[in-house]
Amino acid sequence: MGAEGERDDAAERGTIVTPSAEFPPLGPEERAALGRIGERWREPRGPDELPVDPTLGRSGRPPRPSRFGRLVPIEMFTVEEPDELVATEPAHLPGSRAGRLLTRVRRTLFGPPISSASVLYERMRKLVALPVLSSDLLSSVAYGPEAMLGVLVLAGSAALGLSLPLAALLVVLMVAVGLSYRQTIPAYPHGAGSYIVASDNLGRTSGLAAAAGLMLDYVLTVSVSVAAGVHAVTSALPALAPVTVPLGVLVIALLLAGNLRGVRTAGNLFVLPTYAFVVTVLALLVVGYAGAAGRGFAPVSPPPVPAAEGLGLLLVLRAFSSGAVSMTGIEAVSNAVPAFRPTEWRNARATLGWMVAMLVVLFAGLVGLIHLDGLVPQPGETLLSQLGRVTFPTGPWYAFLQATTALILLLAANTAFNDFPRLLFFMARDGHAPRRFLHMGDRLAFSNGLVALSLAAGLIFVAFRGNTASLIPLYAVGVFLAFTLSQAGMVVHWRRRRGPGWHRRLVLNAVGATLSGLVLLTAAVAKFSEGAWVVVVAVPLLVLLFRRIHRHYAALHDALALHPPAPPGPAGPAGSAEGEELPQEVRHLVVVPVARLNRASLRALAYAASLGQPTLAVHIAPEEAESDRFREQWRAWGDHLRLETIVSPYRAVIGPLAHYLEALHTTRPELTLTVIVPEVVLRHAWHRPLHSRAEHRLRAALRALPGVVVTSVPVHLAE
């Protein structure tokens, strides 16, 4: 029970979203090592009184604007507690004029920055969360039935009658998976994403496979939703068909901008379109079924369609898996439990229940009404558009239906914008994704994750030229892989916990896992040649990538983790300068490259000498005559420091200097080489091409050399 409790506590900590996630705390062993290192810490000299008040509060003169600085007469820091300053909003403004202009533009587009303390208030109530998180799920009824019928019609119009039993099976699947996820939410009240559930119960590989499937699903959600929304627009306005791709890219950019404004703001933007779509489709069903009741629910014969394929099991399975795309987005609530207001899991579970109920009503109602009206898929118009023309032959209702359909399809991608960055956040916290995805932007949104999703979805949309039919086959495999692993993980969870009613919960999750697994196998096999092979190949490749990232971060952690100090020796704990953690063990050699004796180089030499450490000056000369001239100038200066000249007959500077420093380090690896480089700071960007910028090239050449510290001594130009 102890090990299980530790695992559950770790899982709970790993699902809490906070801006401090970029700064993980030290573990117990590292804290103990830190204390032992501190006990042996001896400063080379006594602590001097600081020449400046670090709190900026007791100084007689407040900071004033300097010639080069951008300080404004505004209090940029406030003292909240002893030894703690808080940066105010003006302190976040960049120093340059261009930077401040860009900041104003960004804040106009995305809003002013939000304090970290407001992260608890940037949450959604149920009335807002329902349209935000259900837009993907509910919008899929606009193309899910058509995707299923588009496969059945290949066997001729007679095969369309199979849509009703297939729809009934899909409704059973929706209810089973929905109930399974309702159980998952209270079991993982801090966020029950498939990645976390599968990792916690089935192991790291299963969790990474679920994450890969979800990531592909989220990217395809944006691409498919935007493609379907643009198709709905071009169905009503065929003149816009030639600009399908630019329209889709513009929509993705607008969605990115809306989500960069923050979770709560984005939710408020997307509330009305979702509710308008639901009300409009319900009105369509009421009017349509009322008309069908007038003729005794007698179905209209569909127009004759010649069979292009034989009606076989494979075609039926393809139709079933195509219709299953109507379930994409059903996991969104369980992934985003922390985005709800308290009590989070209770509100999330209620929201999921309403989502599944609405999905069943809309999906089953549309399939039944399409069957009763005898409609078949047409290449130039969506089935929902045809149904709207038949049901609303006059009046503005057809236009309203198409407008709300286009809006919800275009905004359905917002579900992915909400969940994809959160998934990357959890993966980055575990070391399986770049740590930049832990960072929250000005508006407490995961800006890096949002941008990554937009770029990936935009590339896929452009590559497939916004063709919904080409994107659908890629869609079901990834999401049902995540469904299957999540529900299988919950089966293991209940077997471990064995709380009250665990048998019933286990059976329900087992049913959800079995049905999801069957759909996964069906989609992977039946649609393999149509494009599903891309996802089948991409998932293991992504898992390998995640493992390589984790291996890198694990090596980084081992290299930087705190260890108890070893007994003092001549070469330090690790036998090199980089192993030294105590000031009394650090042995210095200061090296100053000097090209010519001028104000910049003399200032660098003065700075090096002020450190009180052994100092060596190095001059690279293209020929012996120049070496002799420089030594003569050095003696005229006073020969205050040891000088070493290197003749470079091939006139290279950076290479010989870097190799010389490497040779010094190899000779005495316990030495810390501090290279002090004089640097002229230019006032204008157009001045940069006028200078060689050798100091930057030297810094790049020395970056890979261990035990070397590069310090710049700037000299600012007045013009």
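Rules and cut-offs
- Throughout this document, residue positions are counted from 1 along each chain, in the order its sequence is written.
- Local features in this predicted model are restricted to residues of pLDDT 70 or higher, and side-chain atom pairs are both shown and tallied only at a pLDDT of 80 or more, whereas totals for entire chains, interfaces and linings draw on every residue.
- Only hydrogens and water are set aside when side-chain values are computed; all heavy atoms of the structure are taken into account.
- Secondary structure counts use DSSP, requiring at least four H or I residues in a row for a helix and at least two E residues in a row for a strand, with both numbered from the N terminus.
- Exposure classes here rest on a 1.4 Å probe applied to the protein chains alone. A residue is buried below 20% of its type maximum, exposed above 50%, and partly exposed in between.
- At least two bridges found by DSSP between two strands is the condition for calling them paired.
- Angles run from 0 to 180 degrees between N-to-C directions of axes, and those axes are lines fitted to C-alpha atoms, restricted for helices to the stretch in contact.
- Contacts: residue pairs with any heavy atoms within 4.5 Å of one another.
- Here a polar contact is recorded for every N or O atom pair within 3.5 Å, except that within protein the pair must consist of a potential hydrogen donor and a potential acceptor, and residues adjacent in sequence are included only if both atoms are side-chain atoms.
- Site definitions follow a grid-based scheme: protein atoms alone, a 1 Å grid, a 1.4 Å probe that fits but cannot get out for cavities, and for pockets an open set with protein on both sides within 12 Å along at least five of seven lines, plus lining residues having an atom within 4 Å of a point.
- Grid points are joined across faces, edges and corners, and a volume is the space filled by probe spheres set on the points.
- Nonpolar side chains (Val, Leu, Ile, Met, Phe, Trp, Tyr) are joined into patches within 5 Å and like charges within 9 Å, using only residues with over 30% relative accessible area and no salt bridge.
- All accessible areas in this document rest on Shrake-Rupley with a 1.4 Å probe, and a residue is counted as covered only by the protein chains that are shown.
- A pair is scored as a salt bridge if a Lys or Arg side-chain nitrogen falls within 4 Å of a carboxyl oxygen belonging to Asp or Glu.
- All tallies of charge rest on Lys and Arg as positive and Asp and Glu as negative; His and the ends of each chain are not included.
- Positions of charges follow a simple convention, taking NZ of Lys, CZ of Arg, CG of Asp or CD of Glu.
- Each aromatic pair joins two rings of Phe, Tyr and Trp (for Trp, the six-membered one) with centres within 6.5 Å, and gets the label stacked for planes under 30 degrees apart, edge-to-face for over 60, and tilted for any other angle.
- Take the buried Ala, Val, Leu, Ile, Met, Phe, Trp, Tyr and Cys residues and link them wherever side-chain atoms come within 4.5 Å; each set so joined is a nonpolar core.
- The labels follow the angle: roughly parallel below 35 degrees, roughly antiparallel above 145, roughly perpendicular from 65 to 115, and oblique for the rest.
- Helix crossings fall into two classes, left-handed where the near helix is turned counterclockwise from the far one by less than a right angle and right-handed where it is turned clockwise.

Things to note about the overall build of the protein
Assigned secondary structure in the protein consists of 26 helices and seven strands. Relative to its full complement of 719 residues, the protein shows a buried share of 47%.

Observations regarding the sheet that holds strand β3 (residues 587-593)
What the five strands build is an open sheet, ordered β5-β4-β3-β6-β7; its pairing is parallel. In the strand order of this sheet, the two ends are held by β5 (642-647) and β7 (708-716), each with one partner. The average angle at which neighbouring strand axes cross in this sheet is 25°, direction not considered. Bridge analysis of strand β6 (residues 671-681) against β7 gives nine bridges, and the strand direction is parallel. Paired with valine 675 across the bridge in β7 is valine 710.

A closer look at the environment of threonine 244
With respect to the secondary-structure elements, threonine 244 resides in helix α9 (residues 244-260). You can call threonine 244 buried: its relative accessible area is 16%. Placed 10 residues apart in sequence, threonine 244 and threonine 234 show a C-alpha to C-alpha distance of 7.9 Å. Residues within four places of threonine 244 in sequence aside, it is in contact with Val230, Thr234, Phe461, Arg465 and Gly466. A polar contact of 2.7 Å, which involves the side chain of threonine 244, links it to the backbone oxygen of alanine 241.

Quick look at the environment of arginine 699
Among the structural elements, arginine 699 can be located in helix α26 (residues 694-702). Here arginine 699 falls in the partly exposed class, since its relative accessible area comes to 30%. Linking arginine 699 and valine 709, residues 10 residues apart in sequence, is a C-alpha distance of 9.3 Å. Apart from residues no more than four positions distant in its own chain, arginine 699 is found in contact with Val710 and Ser712.

Considering the environment of histidine 493
Note on placement: histidine 493 falls in helix α20 (residues 475-497). Judged by relative accessible area, histidine 493 falls into the buried class, the value being 5%. With 291 residues separating them along the chain, histidine 493 and leucine 202 place their C-alpha atoms 9.2 Å apart. Apart from the residues lying within four places of it in its own chain, the contact partners of histidine 493 are Ala187, Tyr188 and Asn201.

Examining empty space enclosed by the protein
Summed over the entire model, instances satisfying the criterion amount to three cavities of 30 Å³ or more. Lining the largest cavity, in full, are Gly193, Tyr195, Ile196, Leu214, Tyr218, Asn335, Asp419, Arg422, Leu423 and Phe426. Those elements that provide at least two residues to the lining of the largest cavity are α7 (194-202), α8 (204-236) and α17 (413-429). Per-element accounting of the lining of the largest cavity gives the leading share, four residues, to α17. Every residue lining the second largest cavity is listed: Val141, Ala142, Pro145, Glu146, Leu366, Ile370, Leu383 and Leu384.

Comments concerning a negative patch on the surface
On the surface, a cluster of negative charge is made up of Glu623, Glu624, Asp628 and Glu632. Turning to its location among the elements, glutamate 624 is positioned in helix α24 (residues 624-637).

Here's the deal with a positive patch on the surface
Taken together, the side chains of Arg204, Arg547, Arg548 and Arg551 make up a positively charged region of the molecular surface. The greatest single-element share of the positive patch, amounting to three residues, is contributed by helix α22 (residues 528-560). Assignment of secondary structure puts arginine 204 in helix α8.

Remarks on unusual backbone geometry
Its identity is not glycine, yet phenylalanine 297 carries a phi of approximately 55°, on the positive side. In this fold, phenylalanine 297 is placed in the loop between α11 (271-294) and α12 (313-323). Even without being a glycine, aspartate 639 presents a positive backbone phi close to 50°. Looking at where aspartate 639 falls in the secondary structure, it is placed in the loop between α24 and β5.

Quick notes on the packing of aromatic side chains
For the structure on display, the rule yields eight aromatic pairs. Seen from their ring centres, phenylalanine 392 and tryptophan 397 are 6.5 Å apart, and the 45° between their planes marks the pair as tilted. Here the aromatic residues Tyr181, Phe480 and Phe483 are joined through ring pairs into a cluster of three or more.

Overview of the nonpolar core
Side chains of a nonpolar character, in soluble globular proteins, are inclined to be buried together. Core analysis: the largest hydrophobic core is formed by 146 residues, its most contacted members being Val222, Val226, Ile330, Met427 and Phe480. Among the elements that line this core, the one with the most residues is α8, at 17 residues. In this view, valine 222 contacts Ile252, Ala413, Ala416, Phe417, Leu453 and Ala457; residues no more than four positions away in its chain are not counted. Residues Val675, Val677, Leu698 and Val708 belong to the second largest nonpolar core, which totals 18 residues.

With respect to the packing of helix α6 (residues 163-187) against α20
The relative placement of two packed helices is expressed as an angle between their axes plus a distance between the axes. Their axes nearest at 11 Å, the elements α6 and α20 cross at an angle of 55°. As summarised for this structure, α6 and α20 are arranged oblique, according to the angle between their axes. Judged by the twist between their axes, the crossing of α6 over α20 is left-handed. In this structure, α6 uses Leu173, Val177, Ser180, Tyr181, Gln183, Thr184 and Ala187 to contact α20, whose residues at the interface are Phe480, Ala482, Phe483, Ser486, Gln487, Met490, His493 and Trp494.

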